[in-house]
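# Report on the structure
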Amino acid sequence: MIGGERDVVERLAPIFKTLAPGPASVARTPGREAMSGTAEHGFLYCGPSGAGHFVKMIHNGIEYGLMQAYAEGLDILKNASTKSLEPDLRYELNIPDITEVWRRGSVVSSWLLDLTAQALAENPTLSNYTGVVADSGEGRWTVMAAVEEGVPADVLSASLYARFRSRQDHTFAEKVLSAMRQKFGGHVEQPAG
């Protein structure tokens, strides 16, 4: 996701192509055969200076929403055994096994789910996480851009607010988010302070 003067980006394209993952890492999208460009190589000229950063920022805002959806869903499954439920509505569910089966051809499979399954296999209760989930700014910028553009962004806004809440009240969902962040990018929880 590159922004800048087109002629400069084109001159540097061999460097970007070397650094990018390349087309072999992901199967070709049906219908792209007739399309040209660098997107299939893992990099893209997005427009003038700032455009690449803007596209990456929105990518990270979407990431917040995806992570929050996994975290909330897994929290619901974990709490299916709560004593406040009627006995016939209680389920003792194996969350690590559920994430693993979802990885196997499910419509919700993804790299984030792969990382979540890995974290749960290593520690099913995620007791090594407090659930404090930082935000690095991209979610805020994404929500602010949505406000400026008049575009509803309910999920992305809610996922940002959930990160704010995590700094006060820690649920299994926040531990799942914290585990995903650590697994995909080495984001280590900040000490409580």
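What counts, and at which threshold
- Residues numbered from 1 in each chain as written.
- Predicted model: local features only at pLDDT ≥ 70, side-chain atom pairs only at ≥ 80, totals over all residues.
- Heavy atoms only, no water.
- Phe/Tyr/Trp six-rings, centres within 6.5 Å; stacked < 30°, edge-to-face > 60°.
- Helix = DSSP H or I, 4+ residues; strand = E, 2+ residues; numbered from the N terminus.
- Buried < 20%, exposed > 50% of the residue type's maximum accessible area, 1.4 Å probe, protein only.
- 1 Å grid on protein atoms, 1.4 Å probe; cavity = no way out; pocket = protein on both sides within 12 Å on 5 of 7 lines; lining within 4 Å.
- Points joined across faces, edges and corners; volume = space filled by probe spheres on them.
- Nonpolar A, V, L, I, M, F, W, Y, C, P; charged D, E, K, R; others polar.
- Patch = residues over 30% accessible without salt bridge, like charges linked within 9 Å, V, L, I, M, F, W, Y side chains within 5 Å.
- Areas by Shrake-Rupley, 256 points an atom, 1.4 Å probe, with all protein chains shown as cover.
- Salt bridge = Lys/Arg side-chain N within 4 Å of Asp/Glu carboxyl O.
- Core = buried A, V, L, I, M, F, W, Y, C linked by side-chain atoms within 4.5 Å.
- Contact = heavy atoms within 4.5 Å.
- Expected span 1.5 Å × (residues − 1).
- Arc of directions from axis to C-beta.

Moving on, we get to the packing of aromatic side chains. Within the structure shown, the criterion is met by 3 aromatic pairs. Ring centres of Tyr161 and Phe164 lie 6.0 Å apart, and the angle between their planes is 50 degrees; on these two criteria the pair is classed as tilted. Of this pair, Tyr161 and Phe164 both sit in helix 6 (residues 154–166), 3 residues apart, which is roughly one turn of that helix. The partly exposed category is assigned to Tyr161, whose relative accessible area is 49%. Overall, Phe164 belongs to the partly exposed group, its relative accessible area being 26%.

Quick look at the layout of surface pockets now. Size it by volume and the largest pocket reaches roughly 270 Å³. Along its surface, the largest pocket is lined by 13 residues, and Gly22, Val26, Ala39, Glu40 and Gly42 are the ones closest to its centre. Its residues assigned to classes, the lining of the largest pocket comprises 5 nonpolar, 5 polar and 3 charged. Taken as a whole, the second largest pocket spans an internal volume of roughly 190 Å³. Taken together, His59, Ile62, Glu63, Leu66, Ser110, Trp111, Leu112 and Phe184 make up the lining of the second largest pocket.

Among the surface-exposed residues, Leu12, Ile15 and Leu19 lie close enough to one another that they form a single nonpolar patch of about 290 Å² accessible area. Looking at the element boundaries, Leu12 is found in helix 1 (residues 6–19).

For the rest of this paragraph, the subject is the nonpolar core. Counting residues in hydrophobic clusters, the biggest one holds 21 residues, and the most contacted among them are Leu126, Phe172, Val176 and Met180. Those elements giving two or more residues to this core turn out to be helix 2 (51–78), helix 3 (95–103), helix 4 (111–122) and helix 7 (172–185). If one sorts the elements of this core by residue count, helix 7 sits on top with 7 residues.

Bringing the environment of Gly47 into the picture now. Along the polypeptide, Gly47 turns up in strand 2 (residues 45–47). Spatially, the C-alpha atom of Gly47 lies 22 Å from that of Val147, the residues being 100 residues apart in sequence. Setting aside residues no more than four positions away along its own chain, Gly47 makes contact with Ile2, Gly3 and Gly4.

A negative phi angle is the norm for most residues apart from glycine, just as the trans form is the norm for most peptide bonds. Its identity as a non-glycine residue notwithstanding, Leu126 has a phi of 55 degrees, on the positive side. Relative to the helices and strands, Leu126 resides in the loop between helix 4 and helix 5 (138–149). For Leu126, a relative accessible area of 1% puts it in the buried group.

Before going further, it helps to spend a moment on helix 5. For an α-helix, the turn length of 3.6 residues means that residues three or four places apart are oriented alike. With 12 residues, helix 5 should cover 16 Å at 1.5 Å per step; its first-to-last C-alpha distance of 16 Å lies within 8% of that length. Of all the positions in helix 5, only Glu138, Gly139, Thr142, Val143, Ala145 and Ala146 are classed as buried. The buried residues of helix 5 occupy an angular sector of 155 degrees when the element is viewed end-on, so they sit on one face. Exposed residues pointing more than 90 degrees away from the buried face of helix 5 are listed as Val147 and Glu148. The positive-phi residue at the C-terminal boundary of helix 5 is Gly150, with phi of around 70 degrees.

The next subject is the pattern of salt bridges. Scanning all chains against the criterion turns up 9 salt bridges. Across the pair Glu10 and Arg6 runs a salt bridge whose closest N-O atoms are separated by 4.0 Å. Here Glu10 and its partner Arg6 are both found in helix 1, 4 residues apart, which amounts to about one turn of the helix. Here Glu100 ties to Arg103 by a salt bridge, and the two come within 2.8 Å at their closest N and O atoms.

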